[in-house]
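# A look at the structure
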Amino acid sequence: MKKGLFIVIEGIDGSGKGTQSRLLNTWLKKEKGHSVFLTMEPTEGAIGKLLRDALKHGNVEPKPLALLFAADRIEHNVQIKKKLSEGKNVICDRYMYSSMAYQGAQGVDKKWIGEINKFALVPDVIIYLDVSPDVGLNRISSKGSFRSLQKEEEYLEKKDFLETVRNNYLEQANENSLFFTINADIPLKDVQTALRRVVGRFLKGEGEKNNAELTDFFKN
Ligand code: TMP
């Protein structure tokens with residue numbers, strides 16, 4: 001049934017996922033002639049909108065928040081499966097690994113997060129863009145939206161939180177062979193080159209057998 005390649009891009013805030021996903025989308029379409037469905041979580045659907053509102057106001061407890069993300073994902077899966085069956089490659093900016101990292105950092109039991117996400121379609125490859133919280137937060141603040149608007153105390157709180165989120169990602173990357181870690185604290189175009197290299201191999205059907213080799217390559 002599934003025909004296209006299902007690619008997930010993950011990373012902490014300010015890791016550059018959005019930009020990298022868009023660049024990958026353009027490359028796949030314009031240079032490789034593939035059809036692509038570029039998507040993200042939270043989605044643009046009803047539950048996704050609810051989630052964005054909840055994130056903005058911080059008025060939903062971590063456990064129900066994890067359930068809402070899982071519910072949004074179940075709806076999203078219908079759309080993703082349809083696109084894959086039409087032969088489209090899917091690029092998804094955040095997926096269940098964000099729930100593990102973020103809701104895990106909020107204190108929700110990771111095993112339980114795994115349980116509520118067990119019906120989610122497993123991707124072909126998960127690309128994790130690794131940056132330190134300092135780099136991520138600086139990138140956000142250089143867009144003029146974070147540090148200038150926040151008190152130093154809040155900045156440090158956010159930094160601490162993102163440190164835990166990052167550790168949760170690194171833990172998943174260690175345990176899950178579908179993960180490729182790319183150091184994203186390098187120029188944008190170099191991150192994109194690394195990303196294309198990984199995705200290019202998967203498109204040729206050579207991704208899995210080169211997994212260990214590529215992961216080692218991009219860690220350096
Ligand atoms: P973004 O649009 O910058 O990627 O932000 C989405 C936010 O949603 C980000 O702070 C991480 C959060 N998030 C979770 O906490 N859990 C999830 O499962 C997902 C998909 C996102």
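Placed above this text is the structure.
Figured I'd write up the structure that's included with this text.

Our next topic: the packing of aromatic side chains. Taken as a whole and judged by the stated rule, the model has 6 aromatic pairs. Geometrically, the ring pair formed by phenylalanine 180 and phenylalanine 202 is edge-to-face, given 5.7 Å between the ring centres and 85 degrees between the ring planes. Of this pair, phenylalanine 180 sits in strand S5 (residues 179–183) while phenylalanine 202 sits in helix H8 (residues 188–203), placing them 22 residues apart in sequence. Residues phenylalanine 180 and phenylalanine 202 agree in their burial class; the two are buried. Among the aromatic side chains, those forming a connected cluster through ring pairs are Phe6, Tyr95, Tyr97 and Phe179. Note that lysine 63 overlies the ring of tryptophan 112, its terminal NZ or CZ placed 4.9 Å from the centroid. Sitting above the plane of the phenylalanine 37 ring, lysine 83 keeps its charged end 5.0 Å from the centroid.

Further remarks concern the nonpolar core. Across soluble globular proteins, nonpolar side chains have a tendency to be buried as a group. In this structure, Ile7, Tyr95, Ile127 and Val199 are the most contacted members of the largest nonpolar core, which totals 48 residues. The dominant element in this core, judged by the number of residues it contributes, is H8, at 6 residues. Those residues in contact with isoleucine 127 that sit more than four places away from it in its chain are Ile7, Val8, Ile9, Glu10, Phe180, Ile182, Leu195, Val198 and Val199. Membership of the second largest hydrophobic core comes to 5 residues, among which are Leu51, Ala54, Leu65 and Phe69.

A separate point is unusual backbone geometry. A cis amide bond links glutamate 41 with the next residue in sequence, proline 42, at an omega value of -5 degrees. With respect to the helices and strands, proline 42 occurs in the loop between strand S2 (36–40) and helix H2 (46–57). Despite not being glycine, arginine 94 has its phi angle at roughly 80 degrees, a positive value. Tracing the sequence through the fold places arginine 94 in the loop between strand S3 (89–93) and helix H4 (96–105).

Between the first and last C-alpha of H8 there are 22 Å, a value that for 16 residues agrees with the 22 Å anticipated at 1.5 Å per step. All of the buried residues along H8 are Val191, Gln192, Ala194, Leu195, Val198, Val199, Gly200, Arg201 and Phe202. Of the residues trailing H8, glycine 205 is marked for its positive phi of about 75 degrees.

This brings us to the pattern of salt bridges. Following the criterion strictly, the structure yields 10 salt bridges and no others. A salt bridge links lysine 88 to glutamate 86; the nearest nitrogen and oxygen atoms lie 3.5 Å apart. Judged by its relative accessible area of 22%, lysine 88 falls in the partly exposed class. Here aspartate 134 and lysine 159 are joined by a salt bridge, their closest N and O atoms 3.3 Å apart.

The immediate surroundings of the ligand are formed by 13 residues, with Arg73, Arg94, Ser99, Tyr102 and Gln103 found nearest. At a separation of 3.2 Å, an oxygen atom of the ligand approaches a polar side-chain atom of lysine 17. When the ligand is considered free in solution it has 480 Å² of accessible area, and contact with the protein chains removes 80% of it. Among the elements of the structure, H2, helix H3 (62–85) and H4 are those that each provide at least two residues to the shell around the ligand. Counting residues per element, the shell around the ligand draws most heavily on H4, which supplies 4 residues.

Quick look at the sheet that holds S3 now. Strand pairing within a sheet occurs via backbone hydrogen bonds; the two strands may be parallel or antiparallel. Reading across the sheet, the 5 strands line up as S2-S3-S1-S4-S5 and stay open at both edges, with parallel pairing between neighbours. The open sheet has two free edges, formed respectively by S2 and S5, since each of these has just one partner strand. In this sheet, neighbouring strand axes are inclined to one another by 20 degrees on average, regardless of whether the strands run parallel or antiparallel. The pairing of S2 with S3 spans 5 bridges and is classified as parallel. Bridging across to S3, threonine 39 finds its partner in cysteine 92.

The two faces of a sheet get side chains in turn, since along a regular strand they alternate between them. Of all 6 residues in strand S1 (residues 6–11), 6 are buried; the element is thus mostly enclosed. Alternating residues of S1 divide into Phe6, Val8 and Glu10 and Ile7, Ile9 and Gly11, and every residue in both groups is buried. Pairing of S1 with S3, which is carried by 4 bridges, proceeds in the parallel orientation. Counted as the bridge partner of isoleucine 9 is aspartate 93 from S3. In this structure, S1 lies alongside strand S4 (residues 125–130), joined through 5 bridges in parallel fashion. When the bridges of S4 are listed, glutamate 10 appears paired with tyrosine 128.

Criteria and cut-off values
Residues numbered from 1 in each chain as written. Predicted model: local features only at pLDDT ≥ 70, side-chain atom pairs only at ≥ 80, totals over all residues. Heavy atoms only, no water. Phe/Tyr/Trp six-rings, centres within 6.5 Å; stacked < 30°, edge-to-face > 60°. Helix = DSSP H or I, 4+ residues; strand = E, 2+ residues; numbered from the N terminus. Buried < 20%, exposed > 50% of the residue type's maximum accessible area, 1.4 Å probe, protein only. Lys NZ or Arg CZ within 6 Å of the ring centre and 35° of its normal. Core = buried A, V, L, I, M, F, W, Y, C linked by side-chain atoms within 4.5 Å. Contact = heavy atoms within 4.5 Å. Expected span 1.5 Å × (residues − 1). Salt bridge = Lys/Arg side-chain N within 4 Å of Asp/Glu carboxyl O. Near = heavy atom within 4 Å. Polar contact = N/O pair within 3.5 Å; in protein donor to acceptor, adjacent residues only side chain to side chain. Areas by Shrake-Rupley, 256 points an atom, 1.4 Å probe, with all protein chains shown as cover. Pairing = 2+ DSSP bridges. Axes fitted to C-alpha atoms, helices over the stretch in contact; angles between N-to-C directions.

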